[in-house]
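Architecture at a glance
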Amino acid sequence: MFTLRAARVSARLPRPALRSFSSSRICSGRAIVYSENGDPSTVLEAVTYPNLFSPPPPSSAHIRFLLSPINPADVNVVEGVYPSKPTKTGALTTQGKGSEGQPVFVGGNEGLGQVVALGEGVKEDTLKVGDWVVVTKQQSGTWMSERHIPVADVARVPNAEKLTEAQAATLTVNPPTAYNMLHDFVDLKQGDWVIQNGANSAIAAAKGINTINLVRNRDNIGELKSSLEKLGATHVLTYDELADKSVREKIKGWTQGKDIRLGLNCVGGKETTLMARYLGKNAHLVSYGAMSKQPLSLPTSLFIFKNLTAHGFWQSEWYKTRSAADRDTLMKTLVEYIVEKKLDTPEIEVVKVGKDRTDAQASEAVTGVFKGLAEGKYGKKVLLNLE
Ligand SMILES: NC(=O)c1ccc[n+]([C@@H]2O[C@H](COP(=O)([O-])OP(=O)(O)OC[C@H]3O[C@@H](n4cnc5c(N)ncnc54)[C@H](OP(=O)(O)O)[C@@H]3O)[C@@H](O)[C@H]2O)c1
């Protein structure tokens, strides 16, 4: 009944063959690193480490990354303004930026890897060589060709053979956020209404649940509206259209007077104030992002006369406070939804920054992505391929 932003089709990438590893192998690797917080388009660099790792320590896995997404929150992490912080690793250092030898942060929070070796003490029923895993510990540094990670910090991808790399690589951030927001705050029944902004994002929508989707106006708005509608959006409005008083009657007609009980907000600012005015009695407004960088202000009357409840939602906190069993159940549910095509993955662009590029070329490619993001150029989810 539910679909993640039924947007965008992901390319089916060929499944990589598993390389055989001798346990004494020392591997080299490329990582996207930074030593100081700042604008990602200036502080990030690609570095090759010739002698990276010997066999994995006990209870750890040696993971080769297949695809590592860039999410909007990664910008804030590199800037140093995101609440969940990475730690610097002294084992890896900067090179060639006039500050050689500084310990670095490895960028990246989300990522799909394949297990190539296991440390002592890892049981077969936990992980096997060849398994696809996603990293579940926040800010583990996934923009890296390979690394050791404690087994407790990854989850095996269930039914991996049924997923594309891109579907599996984007499994831990947006799909669970969308799923949990649609399930944790309001008991939505088929035919109920949800209103959401940032509706052109990789999160959202619902099958069986009616959605009013708000997007910014643009030149090709007709095209965007019909593509969102094809993907399952019930109605799409621009913020300008929402500001027009006549739209209230239109929305009443659509909902046949039924209260809209859930609002999902990743934008903030006056657009969200306006959206909140369309929520019905006893509704819940859930904020999970602030793309406009503007504070959220809500009319007191909504609390007094409509009994509005406002919440925040952070998937990272969900992972921290729930058990591994809860996490695995959620993962299984999401994979089932993807396989049943109730949940779609975003349209992707893979940026190759692996061995076939020099460090300088890879650095330029990565910083170019962040320049593009800052200019609002990307309509697609960017995934780094560091192989
Ligand atoms: N709380 C959590 O656990 C959690 C989890 C995942 C993501 N997030 C957050 O959710 C947000 C969206 O993530 P995403 O991966 O879906 O990103 P995305 O695919 O890049 O989508 C972002 C959307 O935000 C809208 N937008 C961008 N800049 C805007 C602006 N200045 N004013 C108004 N709207 C703007 C755009 O929608 P239109 O083009 O339609 O206007 C765009 O499609 C981010 O803030 C991210 O950090 C939070």
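Refer to the structure printed above.
Residues numbered from 1 in each chain as written. Predicted model: local features only at pLDDT ≥ 70, side-chain atom pairs only at ≥ 80, totals over all residues. Heavy atoms only, no water.

Comments concerning the packing of aromatic side chains
The final tally for this structure, using the stated rule, is six aromatic pairs. Aromatic pair Tyr82 and Trp314: ring centres 5.8 Å apart, planes at 80°, arrangement edge-to-face. Here the residue Tyr82 occupies a position in the loop between α2 (72–79) and β4 (89–93), and Trp314 occupies one in the loop between β15 (309–312) and α10 (315–321), the gap between them amounting to 232 residues. In this structure Tyr82 comes out as buried when scored by relative accessible area, which is 17%. Seen in terms of ring centroids, Trp143 and Phe370 are 5.9 Å apart; in terms of plane orientation they differ by 55°. Their pairing is tilted. (Phe/Tyr/Trp six-rings, centres within 6.5 Å; stacked < 30°, edge-to-face > 60°. Helix = DSSP H or I, 4+ residues; strand = E, 2+ residues; numbered from the N terminus. Buried < 20%, exposed > 50% of the residue type's maximum accessible area, 1.4 Å probe, protein only.)

So, the pairing of strand β3 (residues 60–70)
A regular strand carries its side chains on alternate faces of the sheet. Buried residues dominate β3, accounting for 11 of its 11 residues. Taken together, the five bridges between β3 and strand β8 (residues 146–150) define a ladder with antiparallel strand orientation. In the sheet register, Arg64 faces β8, and the bridge partner there is Glu146. Inspection of the sheet shows β3 paired to strand β6 (residues 112–118) by six bridges, in the antiparallel sense. Note that in β6 the partner of Leu67 across the bridge is Leu112. Bridge count for β3 against strand β17 (residues 381–385) is three bridges, and the pairing is antiparallel. Counted as the bridge partner of Ser68 is Leu384 from β17. (Pairing = 2+ DSSP bridges.)

Topic: unusual backbone geometry
One non-glycine residue, Gln256, adopts positive backbone phi at about 50°. Tracing the backbone through its elements, the reader meets Gln256 in the loop between α7 (247–255) and β13 (262–265). Residue Lys293 is not a glycine yet carries a positive backbone phi of 65°. Looking at the secondary structure, you find Lys293 in the loop between β14 (284–287) and α9 (300–306). The exposure class assigned to Lys293 is exposed, which follows from its relative accessible area of 70%.

Focus on the pattern of salt bridges
Under the defined criterion, the tally for this structure stands at 13 salt bridges. With its nearest N and O atoms 3.0 Å apart, the salt bridge here joins Asp192 to Arg261. Of this pair, Asp192 sits in the loop between α4 (174–184) and β10 (193–196) while Arg261 sits in the loop between α7 and β13, and the two are 69 residues apart along the sequence. Residue classification places Asp192 among the buried positions, given a relative accessible area of 7%. In this structure Arg261 comes out as partly exposed when scored by relative accessible area, which is 28%. Among the ionic pairs, Lys320 bridges to Glu317, the shortest N-O distance being 3.9 Å. Linking Lys320 with Glu317, this pair stays in helix α10, spanning three residues, or about one helical turn. Residue class for Lys320 comes out exposed when judged on its relative accessible area of 56%. Under the relative-accessibility criterion, Glu317 is labelled partly exposed at 35%. (Salt bridge = Lys/Arg side-chain N within 4 Å of Asp/Glu carboxyl O.)

Concerning the nonpolar core
Nonpolar side chains tend toward joint burial in soluble globular proteins. Membership of the largest hydrophobic core comes to 57 residues, with the highest contact counts inside it found for Val157 and Leu262. For this core, the leading source of residues is helix α11 (residues 324–339), giving six residues. Excluding residues within four positions of it along the chain, Val157 makes contact with Leu112, Trp132, Val133, Val134, Leu163, Ala168 and Leu171. Listed in part, the 21 residues of the second largest apolar core include Leu44, Ala46, Val351 and Ala362. (Core = buried A, V, L, I, M, F, W, Y, C linked by side-chain atoms within 4.5 Å. Contact = heavy atoms within 4.5 Å.)

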